[in-house]
Every structure is written in C-alpha cells, then in structure tokens.
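If you want the building blocks of each chain, they are given just below.
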Amino acid sequence: MTGRIAFQGELGANSHEACTNAFPAMQPVPHASFEEAFEAVKSGDCQLGMIPVENSIAGRVDQVHHLLPSFGLKIIGERFKPIHFQLMANPGVKLEDVKTVSSMTIALGQCRKLLRRLKVATESAGDTAGAARQLADKPDPTRAALAPALAAQIYGLDILLRDVEDEHNNTTRFLVMSAEDQPESPPFTAPCITSFVFRVRNIPAALYKALGGFATNGVNMIKLESYTEGGVFSATFFYAEVDGRPEDLALARAFEELTFFSEKFEILGVYPADPFRSRG
C-alpha cells in the first residue's frame, strides 16, 4: 500500500519504526498529539494511522480509548512491535565520557539497570526521538540519549550500547486506523478480532447480563476495559475485543444479547489477528 501514514511522536520514535516495518511503501508523517494524528486520517491528509494502545510493561494508553469512537475511524489491523532502546551520543563520544542520559520518563525507567551501572544522571524528555534530536541539535560530549535505532540513523548519532532495556520481551501493540466507512473485510481464512464499544443500560446487573452471551456462546473475550466519558462517573463506557467476526453465528448471538442490555453499541473494526499472538 502507498500513501501517507500518521503517527504520534517525532521522526525516529518507536511509532515511526512501527510504521516503517509494517508499511514500508508508505510515507510516515509525525504529529505532536494523538488527536492530530487521528484528525490527519479523518481529513484524508493521511490514508492510515498507526497508534499505540498498550505496552506489555507500561500498560494501556488511556487517551486512545477515548479518541477511537469520537473520530469515527475504523480499525483495520494490529501490529506488535518489540521495543528496544539504544544508548546513543554524538559522533566520537566515548561511553566513559557520558555523565547525563536523557529520554522519555518511561524509557528511563525501562533502562534502569544500565543507568544505575553507568552511575549517570538522568533527564526527562517529552519523546525518545526528541531526546536524540536535541542531542544532534546541541552536541555535548558529556550527554547521551536513549532512543530507537532509527533515531540514531536520522539524527547522525553513534550507538554506544545496543538493546539496553531491562526486559527484552517489552512489546507495544499498535492499531492501524482508516477513515473508510466500510473497509475491505479480512479473508475468512484468517483468524480475526472484532473491537467494539458499548454502554450498558442503567438497570441492576446489566453488565453481567450483557456479557453473559459471550460465555454461553463460547466466544473468547480478549479484552474488556472501562472508561468514563464527559467527565461523569455515571456514564461508563466499555471497550472490548473478542475472537471472531460479527458474521460468526456464535458472535452474532452474543452481540444480540449485548445490545439488548446496552444503550449504545458500536463495532470499531474487524481485522486479522497479528501472528505475534500465536507466538506469544
């Protein structure tokens, strides 16, 4: 596929790497916020968007679940990306010269063992790739940055140490978004996931009853997360993912029961399961 793909962050960020790995023929387009990335897809400026929704260590990206229904985009795919951090510095800098390391707070926390071993000071930055760019803009022989390998390539930095994260199974899951109202359905031969949101009616045991159809019809629910909307605690929405597609008889029956006990129900996407799931 060709065209432009939106992501949140700076050039060289993990999201940029994810776009390049998944869609090498597309042009990755950076955006300062998730809202701007969503809007770029909705407006047609970008044909796709690739947004992180959860990390195996840091947990879910809360902001994204609020944006999914409000922008009207459809999920057409998922990608799992192993997260690796590289310690990089200006050309010619030696490891023993480094006194301060900058990066995103989460990245610093995920490389704590190395930083403790090097006995260096740390400095938080808004973005991993941003830390690398700042180092390139203002060279300093006493400073280094923690960022993806792509950032070193883009900003002309040398990698002093590779894959320095504490947990080497650190993985981020990305969702691929499209503004198409009815995107092409995935092949029936592929294992699929259906993502949806719903809000149950204000009656006793509504959530229990709404979810009962998934159990009685043998539908595997992969994810169920709650979030509030409009700043009021009484209006609780749920984001959920299940194995299968709405055309499957078991899932169709489960959805019928869910909608009976819900005030709102919307399918956000039906897409192939990433093969990483079977490996994980």
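Our subject is the structure that appears above.
Let me begin by describing the structure that accompanies this report. Predicted model, so just to flag it, every value in this text is computed and none were measured. (Residues numbered from 1 in each chain as written. Predicted model: local features only at pLDDT ≥ 70, side-chain atom pairs only at ≥ 80, totals over all residues. Heavy atoms only, no water.)

### Notes on the environment of Leu73
Step number 1: One can find Leu73 in the loop between helix 3 (62-71) and strand 5 (74-82).
Step number 2: Residue Leu73 is classed as buried on the basis of its relative accessible area of 3%.
Step number 3: Beyond its immediate sequence surroundings of up to four residues, Leu73 is in contact with Phe38, Val41, Lys42, Leu68, Met177, Ser178, Ala179 and Leu268. (Helix = DSSP H or I, 4+ residues; strand = E, 2+ residues; numbered from the N terminus. Buried < 20%, exposed > 50% of the residue type's maximum accessible area, 1.4 Å probe, protein only. Contact = heavy atoms within 4.5 Å.)

### A closer look at the sheet that holds strand 6 (residues 86-89)
Step number 1: Strand order across the open sheet formed by five strands is 8-7-9-6-10, with mixed pairing between neighbours. Looking at strand neighbours, the two that pair on one side only are strand 8 (121-125) and strand 10 (158-161), the edges of this open sheet. This sheet shows a mean twist of 35° between the axes of neighbouring strands, independent of strand direction.
Step number 2: Where strand 6 lies against strand 9 (residues 143-147), three bridges are found, and the strand directions are antiparallel. (Pairing = 2+ DSSP bridges. Axes fitted to C-alpha atoms, helices over the stretch in contact; angles between N-to-C directions.)

### A look at the pattern of salt bridges
Step number 1: If you walk through the whole model with that rule in mind, you get 13 salt bridges.
Step number 2: Linking Lys81 and Glu17 is a salt bridge whose minimum nitrogen-to-oxygen distance equals 2.9 Å. Residue Lys81 is found in strand 5, and its partner Glu17 is found in helix 1 (residues 14-22); the two are separated by 64 residues along the sequence.
Step number 3: Judged by its relative accessible area of 8%, Lys81 falls in the buried class.
Step number 4: Shared partners join several salt bridges into a network, and the residues in it are Glu54, Arg60, Glu78, Arg173, Lys223, Glu225, Glu241 and Arg277. (Salt bridge = Lys/Arg side-chain N within 4 Å of Asp/Glu carboxyl O.)

### Thoughts on the packing of aromatic side chains
Step number 1: Under the criterion given, the structure shown has eleven aromatic pairs.
Step number 2: Residues Phe214 and Phe255 carry aromatic rings whose centres are separated by 6.1 Å and whose planes lie at 80° to one another, so their mutual orientation is edge-to-face. Remark: Phe255 occurs in helix 9 (residues 249-260) and Phe214 occurs in helix 8 (residues 206-216); sequence separation between them is 41 residues.
Step number 3: With relative accessibility at 6%, the residue Phe255 sits in the buried group.
Step number 4: With a centroid separation of 4.9 Å and 55° between ring planes, the pair formed by Phe255 and Phe265 is classed as tilted. Of this pair, Phe255 sits in helix 9 while Phe265 sits in strand 15 (residues 262-272), placing them ten residues apart in sequence.
Step number 5: A relative accessible area of 27% means that Phe265 is categorised as partly exposed.
Step number 6: Here the aromatic residues Phe196, Phe198, Phe214, Phe238, Phe255 and Phe265 are joined through ring pairs into a cluster of three or more. (Phe/Tyr/Trp six-rings, centres within 6.5 Å; stacked < 30°, edge-to-face > 60°.)

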